[in-house]
Amino acid sequence: SSDLCLVGALSLASCSKDNNDEPAQKTQSMMKLKSSLPAEITVYSNDGKSQAGTSSDVTNYFGKRLELAAPQTLLFKDDVLTIGKQYDLTESFKTKWEGNKLFLQNETTQQWIECGSKATNGSVTICMGCYRQEVNGSGRQLISFGQEYGLTSADKALASTSGATKVVWVKMNYTFE
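The rules behind these values
Residues numbered from 1 in each chain as written. Predicted model: local features only at pLDDT ≥ 70, side-chain atom pairs only at ≥ 80, totals over all residues. Heavy atoms only, no water. Helix = DSSP H or I, 4+ residues; strand = E, 2+ residues; numbered from the N terminus. Buried < 20%, exposed > 50% of the residue type's maximum accessible area, 1.4 Å probe, protein only. Contact = heavy atoms within 4.5 Å. Areas by Shrake-Rupley, 256 points an atom, 1.4 Å probe, with all protein chains shown as cover. Phe/Tyr/Trp six-rings, centres within 6.5 Å; stacked < 30°, edge-to-face > 60°. Core = buried A, V, L, I, M, F, W, Y, C linked by side-chain atoms within 4.5 Å. pLDDT = per-residue confidence, 0-100. Polar contact = N/O pair within 3.5 Å; in protein donor to acceptor, adjacent residues only side chain to side chain. Patch = residues over 30% accessible without salt bridge, like charges linked within 9 Å, V, L, I, M, F, W, Y side chains within 5 Å. Salt bridge = Lys/Arg side-chain N within 4 Å of Asp/Glu carboxyl O. Pairing = 2+ DSSP bridges. Disulfide = S-S within 2.5 Å.

Caption draft 1: Representation of the overall build of the protein chain. Across its full length, the protein chain holds four helices and ten strands. Across the protein chain, helices and strands are ordered from the amino to the carboxyl terminus as α-β-β-α-α-β-β-β-β-β-β-β-α-β. Considering the protein chain as a whole, with its 177 residues, one finds that 32% of them fall into the buried category. Here the analysis covers contacts within the protein chain between residues at least 6 apart in sequence; of these, 54% occur between residues at least 24 apart. When the accessible area of the protein chain is evaluated, it comes to approximately 11500 Å², of which 50% is carbon and sulfur surface.

Structure, rendered in structure tokens:
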């Protein structure tokens, strides 16, 4: 009978509400794309000159690339941001906030890159830089594209041109609510 009392006491103790082994609450927030605007469009030529581009330049040089690369949803879950794109494509990044500035961690270099901000109304704006490099010579043409969150100037694209005859730079701002 004393064994039965011991088993009963252990059973009651293991069902206690003070059990602290439960996982911590997860924070999660989903946002949807409200607007996408080119903040800057610039066409650079190999002679060092640049000129402001137009929205028709974006269509002519990038086609549907920017539309397909555009983030559609942001899912913040703890310190991870999952960016949803068309056709169920996703990208995930470790994130941190410093005040209202959003930083993504580059998985390769482990560096933090400022890529966006939060407005007082709660909306979040993400910046993506996109470029097209074009090299003409010896009867052939080589075209390469690049894009990166937080890329705020054409410097990176221009630094790696090595003979590019044209670089088209577009800075896109995507706002989410």
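Caption draft 2: View of the packing of aromatic side chains. Evaluated as defined, the whole model comprises three aromatic pairs. Between the aromatic rings of Phe 76 and Trp 97, the centroid separation amounts to 5.9 Å while the plane-to-plane angle is 40 degrees, which identifies the pairing as tilted. You can see Phe 76 sitting in strand S3 (residues 73-77) and its partner Trp 97 sitting in strand S5 (residues 90-98), a full 21 residues away along the chain. We classify Phe 76 as buried; its relative accessible area is 11%. Note on Trp 97: relative accessible area 32%, which makes it partly exposed. Aromatic pair Phe 93 and Tyr 149: ring centres 5.7 Å apart, planes at 80 degrees, arrangement edge-to-face. Placement of Phe 93 in strand S5 and of Tyr 149 in strand S9 (residues 140-149) is noted, with a sequence separation of 56 residues between them.

Caption draft 3: Spatial organisation of the nonpolar core. Among the nonpolar cores identified, the biggest contains 25 residues, and Phe 62, Leu 74, Leu 81 and Ile 126 are the most heavily contacted of them. Mapped onto this core, the elements with two or more residues apiece are strand S1 (28-45), helix H2 (55-62), S3, strand S4 (80-84), strand S6 (101-105), strand S8 (124-137) and strand S10 (166-176). It is S10 that contributes the most residues to this core, five residues altogether. In contact with Leu 74, other than residues within four places in its own chain, are Ser 29, Met 30, Met 31, Leu 81, Thr 82, Ile 83, Val 124, Ile 126 and Phe 176. Of all hydrophobic cores here, the second largest spans seven residues; its members include Tyr 44, Ala 154, Ala 157 and Trp 169.

Caption draft 4: Local environment of the confidence of the model for the protein chain. Across the protein chain, pLDDT averages 83, with 82% of residues at or above 70. Here residues 1-25 is a poorly scored stretch, pLDDT under 50, and it has zero contacts once near neighbours within four places are set aside; other chains count.

Caption draft 5: Spotlight on the environment of Lys 96. Along the chain, the position of Lys 96 falls in strand S5. We classify Lys 96 as partly exposed; its relative accessible area is 28%. Between the C-alpha atoms of Lys 96 and Asp 79, which are 17 residues apart in sequence, the distance is 6.4 Å. Other than its neighbours up to four places away in sequence, Lys 96 contacts Lys 101, Leu 102, Phe 103 and Trp 112. For Lys 96, the side chain forms a polar contact with the side chain of Glu 98, separated by 3.2 Å.

Caption draft 6: Here's a closer look at a nonpolar patch on the surface. Taken together, the side chains of Leu 68, Tyr 87 and Leu 89 present a nonpolar region at the surface, about 350 Å² in accessible area. By the secondary structure assignment, Leu 89 is in the loop between S4 and S5.

Caption draft 7: Spotlight on the pairing of S10. Of all eleven residues in S10, nine are buried; the element is thus mostly enclosed. Here S1 pairs with S10 via eleven bridges, running antiparallel. Each residue of the ladder has a partner; that of Ser 36, found in S10, is Tyr 174. Note: S8 against S10, eleven bridges, orientation antiparallel. Residue Val 124 lies in a different strand from S10, and its bridge partner there is Phe 176.

Caption draft 8: Region of the structure containing the state of the cysteines. Inspection of the entire model under this criterion finds zero disulfides. Summary of cysteine pairing: Cys 127 is not part of a disulfide, and the nearest cysteine sulfur, belonging to Cys 115, is at 7.9 Å. Cys 130 forms no disulfide, and the closest cysteine sulfur to it belongs to Cys 127, at a distance of 8.9 Å.

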